[in-house]
2 protein chains.
Amino acid sequence: MSYTLPLARLIEEFQKLPGIGPKSAQRLAFHVLKQTHEDVRNFSDALLDARDKIGYCQQCFNLSAQSVCEICSQPGRKHNVLCLVSEPKDLYALERTGEFKGMYHVLQGLISPLEGIGPEDLKIKELLARLGEPGVEEVILALPPSIEGDTTSLYLSRMIKPLGIRLTRIAFGLPVGADLEYADSMTITRALQGRQAI
Amino acid sequence: MSYTLPLARLIEEFQKLPGIGPKSAQRLAFHVLKQTHEDVRNFSDALLDARDKIGYCQQCFNLSAQSVCEICSQPGRKHNVLCLVSEPKDLYALERTGEFKGMYHVLQGLISPLEGIGPEDLKIKELLARLGEPGVEEVILALPPSIEGDTTSLYLSRMIKPLGIRLTRIAFGLPVGADLEYADSMTITRALQGRQAI
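Residues numbered from 1 in each chain as written. Chains lettered and ligands numbered in written order. Predicted model: local features only at pLDDT ≥ 70, side-chain atom pairs only at ≥ 80, totals over all residues. Heavy atoms only, no water.

### Here's the deal with the overall build of chain A
Alright, step 1. Per the secondary structure count, chain A includes 7 helices and 6 strands.
Alright, step 2. Over its C-alpha atoms chain A spans a radius of gyration of 22 Å, topping by over 25% the 16 Å that the globule rule assigns to 198 residues.
Alright, step 3. Along the three orthogonal principal directions, the C-alpha set of chain A runs to about 65 × 45 × 35 Å.
Alright, step 4. When contacts within chain A are restricted to residue pairs at least 6 apart in sequence, long-range pairs at least 24 apart make up 48% of them. (Helix = DSSP H or I, 4+ residues; strand = E, 2+ residues; numbered from the N terminus. Rg over C-alpha atoms; globule rule 2.2 N^0.38 Å. Contact = heavy atoms within 4.5 Å.)

### Here's the deal with the pairing of strand 3 (residues 81-85) of chain A
Taken residue by residue, a regular strand's side chains alternate between the two faces of the sheet.
Residue and element names in this part refer to chain A.
Alright, step 1. By the criterion of burial, strand 3 is predominantly enclosed, with 5 of the 5 residues buried.
Alright, step 2. Side chains Val 81, Cys 83 and Val 85 project from strand 3 onto one buried face, and the interleaved Leu 82 and Leu 84 project onto a second face that is buried too.
Alright, step 3. The sheet contact formed by strand 3 and strand 5 (residues 138-141) spans 4 bridges and is parallel. Each bridged residue has a counterpart across the sheet, and for Cys 83 the counterpart in strand 5 is Ile 140. (Buried < 20%, exposed > 50% of the residue type's maximum accessible area, 1.4 Å probe, protein only. Pairing = 2+ DSSP bridges.)

### Quick look at the interface of chain B and chain A
Alright, step 1. With 53 residues of chain B in contact, the opposing surface of chain A contributes 53 residues.
Alright, step 2. For the chain B and chain A pair, buried surface summed over both sides reaches about 5100 Å², with 68% attributable to carbon and sulfur atoms.
Alright, step 3. Run the count over chain B and chain A and you get 2 salt bridges.
Alright, step 4. Here Arg 9 of chain A makes a salt bridge to Asp 49 of chain B, at a shortest N to O gap of 3.2 Å.
Alright, step 5. Every element with two or more residues in the side of chain B that touches chain A is listed here: helix 1 (5-15), helix 2 (22-34), helix 3 (37-53), strand 2 (63-64) and helix 4 (88-97) of chain B.
Alright, step 6. Counting residues per element, the side of chain B that touches chain A draws most heavily on helix 3 of chain B, which supplies 16 residues. (Buried area = accessible area lost by both parts, 1.4 Å probe. Salt bridge = Lys/Arg side-chain N within 4 Å of Asp/Glu carboxyl O.)

### Some remarks on the layout of surface pockets
Alright, step 1. Each pocket or cavity is described by its volume, and for the largest pocket that value is around 600 Å³.
Alright, step 2. Broken down by secondary-structure element, the contributors of at least two residues to the lining of the largest pocket are helix 1 (5-15) and helix 2 (22-34) of chain A together with helix 3, strand 1 (55-56) and helix 4 of chain B.
Alright, step 3. Counting residues per element, the lining of the largest pocket draws most heavily on helix 2 of chain A, which supplies 8 residues.
Alright, step 4. Classifying every residue of the lining of the largest pocket by side-chain character gives 12 nonpolar, 5 polar and 7 charged. (1 Å grid on protein atoms, 1.4 Å probe; cavity = no way out; pocket = protein on both sides within 12 Å on 5 of 7 lines; lining within 4 Å. Points joined across faces, edges and corners; volume = space filled by probe spheres on them. Nonpolar A, V, L, I, M, F, W, Y, C, P; charged D, E, K, R; others polar.)

### Notes on the side chain of Asn 62 of chain A
Alright, step 1. Inspection of the secondary structure assignment puts Asn 62 of chain A in the loop between strand 1 (55-56) and strand 2 (63-64).
Alright, step 2. Not counting residues within four places of it along the chain, the set of residues in contact with Asn 62 of chain A comprises Gly 55, Tyr 56, Cys 57, Cys 69, Ile 71, Pro 88, Leu 91, Tyr 92 and Val 106 of chain A.

### A look at the domain arrangement of chain A
Alright, step 1. In terms of domains, chain A is made up of domain 1 (5-53) and domain 2 (75-197).
Alright, step 2. Computed from C-alpha atoms alone, the centre-to-centre distance between domain 1 of chain A and domain 2 of chain A is 36 Å. (Domains from an automatic or database assignment.)

### Let's talk about the environment of Leu 131 of chain A
Alright, step 1. Relative to the elements of secondary structure, Leu 131 of chain A occurs in helix 5 (residues 124-132).
Alright, step 2. Given the relative accessible area of 7%, Leu 131 of chain A is considered buried.

### Observations concerning the environment of Gly 135 of chain B
Residue and element names in this part refer to chain B.
Alright, step 1. The residue Gly 135 is located in the loop between helix 5 (124-132) and strand 5 (138-141) in this model.
Alright, step 2. Judged by its relative accessible area of 44%, Gly 135 is partly exposed.
Alright, step 3. Distance in space between the C-alpha atoms of Gly 135 and Phe 30 is 54 Å, their sequence separation being 105 residues.
Alright, step 4. Contacts of Gly 135, omitting those with residues within four sequence positions, involve His 79 and Asn 80.

### Quick look at the sheet that holds strand 6 (residues 166-169) of chain A
All names here are of chain A.
Alright, step 1. Strands sit in the order 4-3-5-6 across an open sheet of 4 strands; the sheet is parallel. In this open sheet, the two edge strands, each paired with only one partner strand, are strand 4 (103-106) and strand 6. With direction set aside, neighbouring strand axes in the sheet form an average angle of 25 degrees.
Alright, step 2. Packed onto the sheet, helix 6 (residues 147-160) meets strand 3, strand 5 and strand 6 and runs at close to 170 degrees relative to strand 6. (Axes fitted to C-alpha atoms, helices over the stretch in contact; angles between N-to-C directions.)

### Thoughts on the packing of aromatic side chains
Alright, step 1. Taken as a whole, this structure holds 9 aromatic pairs over all chains when the rule is applied.
Alright, step 2. Taking 5.9 Å as the distance between ring centres and 20 degrees as the angle between the ring planes, the aromatic pair formed by Tyr 92 of chain A and Phe 30 of chain B counts as stacked. With one member in each of two chains, Tyr 92 of chain A in helix 4 (residues 88-97) and Phe 30 of chain B in helix 2 form a pair that bridges those chains.
Alright, step 3. Exposure remark for Phe 30 of chain B: the relative accessible area of 12% places this residue in the buried category.
Alright, step 4. In textbook terms, an aromatic cluster arises when at least three aromatic residues are bridged by ring pairs, as seen for Phe 14 and Phe 43 of chain A together with Phe 14 and Phe 43 of chain B. (Phe/Tyr/Trp six-rings, centres within 6.5 Å; stacked < 30°, edge-to-face > 60°.)

### Regarding the state of the cysteines
Residues and elements named next belong to chain B.
Alright, step 1. Taken as a whole, this structure holds 0 disulfides over all chains when the rule is applied.
Alright, step 2. You can see Cys 57 has no disulfide; the closest cysteine sulfur is in Cys 60, sitting 3.8 Å from it.
Alright, step 3. Looking at Cys 57, the relative accessible area reads 0%, which means it is buried.
Alright, step 4. Here Cys 69 is not disulfide-linked; the sulfur of Cys 60 is the nearest cysteine sulfur, at 3.7 Å. (Disulfide = S-S within 2.5 Å.)

### A few points about unusual backbone geometry
Residue and element names in this part refer to chain B.
Alright, step 1. Residues other than glycine seldom take positive phi values, yet Phe 61 does so here, at roughly 65 degrees.
Alright, step 2. Exposure remark for Phe 61: the relative accessible area of 11% places this residue in the buried category.
Alright, step 3. With a phi angle near 60 degrees, Gln 108 is a residue other than glycine that sits in the positive phi range.
Alright, step 4. By secondary structure assignment, the location of Gln 108 is in the loop between strand 4 (103-106) and helix 5.
Alright, step 5. Classification of Gln 108 as partly exposed rests on a relative accessible area of 24%.

Right, here's the structure in full:
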C-alpha cells in the first residue's frame, strides 16, 4: 500500500489493539486525522498518563492511581464482606450491578498448572494477611466456572475455612433470558448441581 | 463506575473513536495498561505525528506528509490516465486492487446541495488546471453510485467533455459472488443499464 509514512505507522499501531483488523485500523486512523490537534493531544496524553500513573491498590490490588484505590477508600462500604475476583475487569463487572457494597480483593490471576501459575504467583499471601486482621465475616469467591477458577476456589477454601470465616461462591447456572434448549451441557449440569429449595 | 481517574479518562477517549462502545473501550484500555511504556509511547507518538505531519499532496490532494505524495512521485505510473475519487479512502481501495497504474485526483467531497457543498468547495479548479496541461488522455470517474456521486459526475462531464479528453465512469452492477435474488432493485437497474455486448 502507498499510505504516507505517518499514516501507515498510525494504522499499524491501531492494528496492534485487540479486535482491530486492517479495515477498522484504517477507519480509526482517518478519524484521528479529522480531529483537532487538541483532541489528538488529549488522546495521546490519556494513553501516556494511564500507562505511567496507574499501579495497584496496596490493599485490594485493584488498578489505582493512588496507593489506596477509590473503592477501598469509599465511605459507607461494608468491611465485613470480602469479594475475591481474578482480574480488575471482573471487579468492574460486579461494580456495574450496584448490588455489592462490600470490599474486594483482586488475586491478579488464577492457579493454572498448565501455564505454570501457582498460588505464590497470586495475591493470596496478601489475602491471608487481610483475613488475619479481625473484621471480615464472609468471603465471596467470584471466580469463573472454569478449571482454573475451580482449582483456585478449591485451594482458597482449604486456606480460608480453618479461619472460621463464612465462605461462599457465586452461583452458576442459566443466565437470565436464556433458553434451556440452547444452553450447553456444562451450564445445565451446574444449574442442576446448584438447585435451590423454593 | 469507580475506575481510577487516568483509566476512566483513557476509556472515555477510546469511546470517542467510531465503532468503539463502552465494553470495547474498556478492553482496549486494559490492553494498553499491559503494554510496555515504550509501546504506549510509540502509539502516542504515532497519533501526534500523523495529526501534525499529514497534509495534502499539492498535485492530487491525497493525504501526504510531503508536498507531493508517494503515488504522484512513484516512478513508472502512467501520466495519461487520471482517476477521480471523492476521498483518500477510495483511492486506497483502488490501490489495493493493484489494477490501476495511472494517476489520481482527490476531489475531497461530492457536490451536495442539501449539505450546501458546491463545485467551488471541491478540488475541481485544481483538476481543470491539471487537465489544461497536455498529457492526460483519459479521465476515469470513480465516484460512488449515489445522488451526490451522480450529480458530481454529471457536473464534471460537462466541464471535461469540451476539453476533448476521453471520459469514463467505473461500472455499477452486481458485485462478484452476489445473488440476483438478494440484490436490491437499484443495483439490478444499474446492472441492466450497464449491460455489455458479449
